[in-house]
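Examining the three-dimensional arrangement
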Amino acid sequence: MRVDDAEALRKAAGDGALEQHAPIEVDGAAIEFSLRPPDGAALARAVRAMAERRIGALVQGSGSKGSLGNSPRGAQVLLSTRGLAGLRDFDPEEGVLRAGAGTRLGELRDALRASAWELPFDPPGAHPTLGGTLAAAAPGPRHTGFGRPRDLVLGLDAVLGDGVRARCGGRVVKNVTGYDLMKLQIGAHGSLGVIEAAWIRLRPRAESERTLAAALGSGPEACARGVALARLASARAVALVDKSLAEAIVPSLAPSAGWLLVAELAGDEALVSRDAARLTETVGAAPASPGAIARLRALQGETLGPIGLRFRLAVLVDRLGEVSADLARAGAALLVYPGSGLVYARFALDEPDGAAVDRIWRALGVAARQGGGHALLESAPAWAKAARDVFGEPDADLSLARALKARFDPAGVLNPGRFAGGL
Amino acid sequence: MTGAGAAPSGPAPGLVGALREIVGDEACLFDPVALLAYECDALTLHAGRPAAVVLPRDKQEIARVVRACRRFGASFVPRGAGTGLSGGATPTEGGVVIECSRLDRILAIDPENRLAVVQPGVVNAALSEAVRPLGLFYAPDPSSQSACTIGGNVAENSGGPHTLKYGTTVNHVLALELVLPDGELVRLGSPTGWASGYDLVGAVVGSEGTLGIVCEVTVRLCELPESVETLLAVFPDVVSACRAVGAIIQCGLLPAALEIVDRRTIEAVEASVYAAGLPRDAGAVLLVELDGAAVALPRQCERIRAICGDAGAARVEVARDAAERRRFWRARKGAFGAMGRLAPDLYVHDAVVPRARLPEVLERVCAIADRRGLRLSNVFHAGDGNLHPNISFDRRDPEQLEQVLAAGREILEACVAAGGVISGEHGIGAEKREYLRLVFGDDDLEAMCRLRGAFDPEGVCNPGKLFPTTRFCAEANPKARGYDRVAL
């Protein structure tokens, strides 16, 4: 970075906010500067300076999702939201909270521990932050019960790519006042703005929780059964893992063939008991350690082998059987959430083999189309990502996305190149 | 381009001919008498005279109509059933109303994936009826559900009494087909609910018809609850009913609906054909609907009963059968009809406050109306903190009308001061555009204009709605730097 650029960022974000260090590799880009604005106003000044000087920034919370997105293009600085941390407001009567984007989810969970409320996010990764979770719209195993992150945010403050601070939504649980810009920012991977803080709708804490597991057999009917079980009223997490991964989740019940079903039930005691009984009657489920869900979460966020590729597919649930059979034939280790149609497919390569990556990439494209959805390459070495759009085929014409990017980040400084379509 | 209120109301020469060629003579209205019915939606205080109304048959016709409008420099306004309460479908002078009621087919029902694909003119309740035999329903249930259409629900992000548990329209729309303001047809979202790229479905739902015209909607269907319990609690006053609501929320119960009807409404309902047998001396009734697994409901019912008792309920009844449930709901659903009998006009307000602030805000709201000599009643989605103060009045009395509008503003100010917002489900439309500044600053509004600009850079799609009149979207219309004639 040029000396005057560094000086401008320092001036904008405050003394001590900018740090120069040995190059840090982020998805193929070597970054030598980190900027950590201490508050929203400093963040806005810093982003404005970046826009004026065309300094590309990679926005980062805890860095737990650094592998997500296309390889960055021309970024010079890591822009950390960790200075924007802290629980700003918690209303136990309403079951809502507001926190800074840099707040770790674990801190929020601790703050809620003694309350009647539960934080409805559980993405994988080391110490994920609220901002990163929302920017990536990252689901965890409990999304079966919690729902999608985009459906849980009530209000959002963001700094747009030219440094304008914009608020949308509010703290109330129902709101159609003005455009819903929250939805645009959630899942935009920081390409339309830096999330500064958010109001979240919490979920009532469950009276009772139970974890069960069962060997489910193989074939499409096993997937269909998983779909039906994920619709149990108290299902908070329901996953199918294939036999290659089952050992890591519930060793005692790991099947030698087919799927392992892991289910976490949560809610009224009477309801949980009824659903547990149904699981036992229909598939012979047995109690499992609550730690199985944490292991599942870890597994969802890991890659395999010396060179690993991890995809996330979203498909129609009635096609999970055929899609997962095809993926298994292509060599994938699979984690399936039958409640939502999300499939995590992992491949391990022994050596950097471009042809093998091409083959896998094509197989994933076919599986996504067959499933009526799409595939996202969540994690791969930089060389394997090069020359591809890790978001796969766009659902819509990119011209609207480009028009949005041009307006929300006119200088193209926020996570340049990382989002779908290279935006 | 035709600015709001700027052009003469006659159609541009050649426009009507072009529209008739697209939709056929019988589906293009331009006779002044025929246009009368389209001058306003259910917010009759706002009206405008369109140049023409077209009733296209399919999405291709919508796209062609939009392109014709562009060619002749006319703005256009999408319209569903016209049941909106914020003037979102009010025509622009000289613009074209595109009515979607003829696109009324359910295109696909997919019970395995719990979704349906519908045209925008499908009536909300008709969808739930169609999927009921499969054990499914469409959750958003606005009060007008027997008339309003899914396309209109998408535009307004409609809610309803069961929003508390199930969410609003935006939580149930998976994918959309949209005619953009330049006439291009695009697909947004994914039937899986996990689209790749920006969440454009989330941006379009609730955009009040300003980003394009919805011509196909893929919605999520929910499983019909195994069991339903409906309770009616009678309170001496509305404040204690609100306290019960707060206590129910605070202890983590999530009923499907929590509705309050105040004394003034009870009196009107009981004096009308909607009479539900409520005690006329009750200060308020709280309607609680619990749904879900049969094993869980009895205890939840008992907890609600206890909470209501602690909050001061004189009595709590549990509906013994479907007929009694319908009677309980009649008090709620008949409220607007009953209120409508009290005076020639009814102004239905819509605002949201944090639920714990309901008692004090309601007191303020009633005081505002009393001070201005207005007849106000409250029937509202208490579980969401979503107030609907209703003012019965006579618009022919200009002084009274002035008081109604002034009270409306004061009510919204009181809600915002309590940490709330100015619309929970009716939208901003033509009605509240000037009040948006009570909630948002210039930078917030300018950010919203960026979204508008990406979809509709020239501001021709439903102009004159949602944004304050002045100073906005100059970016979208660089010629309008003077700010006073921006068409948005």
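Residues numbered from 1 in each chain as written. Chains lettered and ligands numbered in written order. Predicted model: local features only at pLDDT ≥ 70, side-chain atom pairs only at ≥ 80, totals over all residues.

**Considerations on the overall build of chain B**
Just so we agree on the cut-off: Only DSSP runs of H or I with at least four residues qualify as helices, and only runs of E with at least two residues qualify as strands; both kinds are numbered from the N terminus onward. Throughout, radius of gyration means the C-alpha value; the globule benchmark is 2.2 Å times the number of residues raised to the power 0.38. Counts of 20 or more other C-beta atoms within 10 Å of a residue's own C-beta define buried residues, counts of 12 or fewer define exposed ones, and intermediate counts define partly exposed ones; C-beta atoms are placed from the backbone. Once C-beta atoms are placed from the backbone, any two residues with those atoms within 7 Å are in contact.
The number of helices and strands found in chain B is 15 helices and 20 strands. The C-alpha radius of gyration of chain B comes to 23 Å, within 12% of the 23 Å expected for a compact globule of 488 residues. Overall, chain B is about 65 × 55 × 45 Å in size when its C-alpha atoms are taken along their principal axes. Every one of the 488 residues in chain B was classed for burial, and the buried ones make up 59%. Nonlocal contacts in chain B, meaning residues at least 24 apart in sequence, comprise 71% of its contacts between residues at least 6 apart.

**Side note on the overall build of chain A**
Counting its regular elements, chain A contains 14 helices and 19 strands. Against the globule reference of 22 Å for 423 residues, chain A gives a C-alpha radius of gyration of 22 Å, in line with a compact fold. Considered along the principal axes of its C-alpha atoms, chain A spans approximately 70 × 55 × 40 Å. A buried classification covers 63% of the 423 residues belonging to chain A.

**Some words on the interface of chain B and chain A**
Worth spelling out the cut-off: Nonpolar residues are Ala, Val, Leu, Ile, Met, Phe, Trp, Tyr, Cys and Pro. Charged residues are Asp, Glu, Lys and Arg, and all others, Gly as well, are polar.
Taken residue by residue, the interface counts 71 residues in chain B and 64 residues in chain A. Counting residues per element, the ones that place at least two in the side of chain B that touches chain A are β9 (185-189), α7 (200-204), α8 (238-250) and α15 (442-455) of chain B. By residue number, the principal contributor to the side of chain B that touches chain A is α15 of chain B, which donates 10 residues. When its residues are assigned to classes, the side of chain B that touches chain A shows 30 nonpolar, 28 polar and 13 charged.

**Points about the nonpolar core**
How we decide: As used throughout, a nonpolar core is a set of buried Ala, Val, Leu, Ile, Met, Phe, Trp, Tyr and Cys residues joined through C-beta atoms within 7 Å of each other.
Counting residues in hydrophobic clusters, the biggest one holds 304 residues, and the most contacted among them are Leu260, Leu261 and Val262 of chain A together with Ala233, Val285 and Leu286 of chain B. When neighbours within four sequence positions are excluded, Ala233 of chain B is seen to be in contact with Ala244, Val285, Leu286, Val288, Cys308, Ala313 and Val316 of chain B.

**Things to note about the pairing of strand β5 (residues 106-110) of chain B**
Operational definition: Between any two strands, pairing holds if DSSP finds at least two bridges.
Pairing of β5 of chain B with strand β6 (residues 115-118) of chain B, which is carried by 4 bridges, proceeds in the antiparallel orientation. Looking across to β6 of chain B, one finds that Ile106 of chain B is bridged to Val118 of chain B.

**So, the sheet that holds strand β3 (residues 56-60) of chain A**
All names here are of chain A. For the record, the criterion: For helices, the fitted line uses only the C-alpha atoms of the stretch in contact; every axis is such a line through C-alpha atoms, and the angle between N-to-C directions lies from 0 to 180 degrees.
With mixed pairing, the 4 strands of this open sheet are ordered in space as β1-β2-β4-β3. The sheet terminates laterally at β1 (18-26) and β3, the two strands that pair on one side only. Between one strand axis and the next, the sheet turns through 35 degrees on average, direction left out of account. Where β3 lies against strand β4 (residues 75-80), 5 bridges are found, and the strand directions are parallel. The residue bridging Val59 from the neighbouring strand is Leu79, located in β4. Across the sheet, helix α1 (residues 3-13) lies against β1 and β2 (29-35), angled at about 115 degrees from β1, the strand it touches most.

**Description of the sheet that holds strand β2 (residues 52-54) of chain B**
All names here are of chain B. Reading across from one edge, β1-β2-β4-β3 is the order of the 4 strands in this open sheet, with mixed pairing throughout. For this open sheet the edge positions go to β1 (28-29) and β3 (76-79), each flanked by a neighbour on one side alone. Where β2 and strand β4 (residues 96-99) come together, 3 bridges link them in parallel fashion. Bridge pairing in β4 links Ala52 to Val96. Packed onto the sheet, helix α1 (residues 15-23) meets β1, β2 and β4 and runs at close to 10 degrees relative to β2.

**Digging into the domain arrangement of chain A**
All names here are of chain A. For clarity, the threshold we go by: Boundary definitions for the domains trace back to an automatic or database domain assignment.
Entries for chain A in the domain assignment read domain 1 (3-82), domain 2 (84-204), domain 3 (208-289) and domain 4 (302-385). The gap between the C-alpha centroids of domain 1 and domain 2 is 22 Å. Of the residues lining the interface, 18 residues belong to domain 1; the matching set on domain 2 comes to 24 residues. For the side of domain 1 that touches domain 2, the element with the most residues is helix α2 (residues 40-53), which contributes 7 residues. When its residues are assigned to classes, the side of domain 1 that touches domain 2 shows 7 nonpolar, 6 polar and 5 charged.

**Re the pairing of strand β19 (residues 374-379) of chain A**
Residue and element names in this part refer to chain A. The buried fraction of β19 amounts to 6 of the 6 residues, a majority that puts the element mostly inside the structure. When strand β16 (residues 307-314) meets β19, the two strands line up antiparallel, connected through 5 bridges. Counterpart to Leu313 in the pairing with β19 is Ala375.

**What about the environment of Trp383 of chain A?**
Residue and element names in this part refer to chain A. On the secondary structure map, Trp383 appears in helix α13 (residues 382-385). Accessibility expressed as a C-beta count within 10 Å gives 13 for Trp383, which makes it partly exposed. In sequence terms Trp383 and Ile249 are 134 residues apart; their C-alpha atoms lie 31 Å from each other.

**Some details on unusual backbone geometry**
Residues and elements named next belong to chain B. A positive phi is found at Asn157, a non-glycine position, where the angle reads about 50 degrees. Summarising the element assignment, Asn157 is placed in the loop between α5 (150-156) and α6 (163-166). At Glu208, a residue that is not glycine, the phi angle is positive and equals roughly 60 degrees. Relative to the helices and strands, Glu208 resides in the loop between α7 and β10 (213-220). The buried category is assigned to Glu208, around which 25 C-beta atoms lie within 10 Å.

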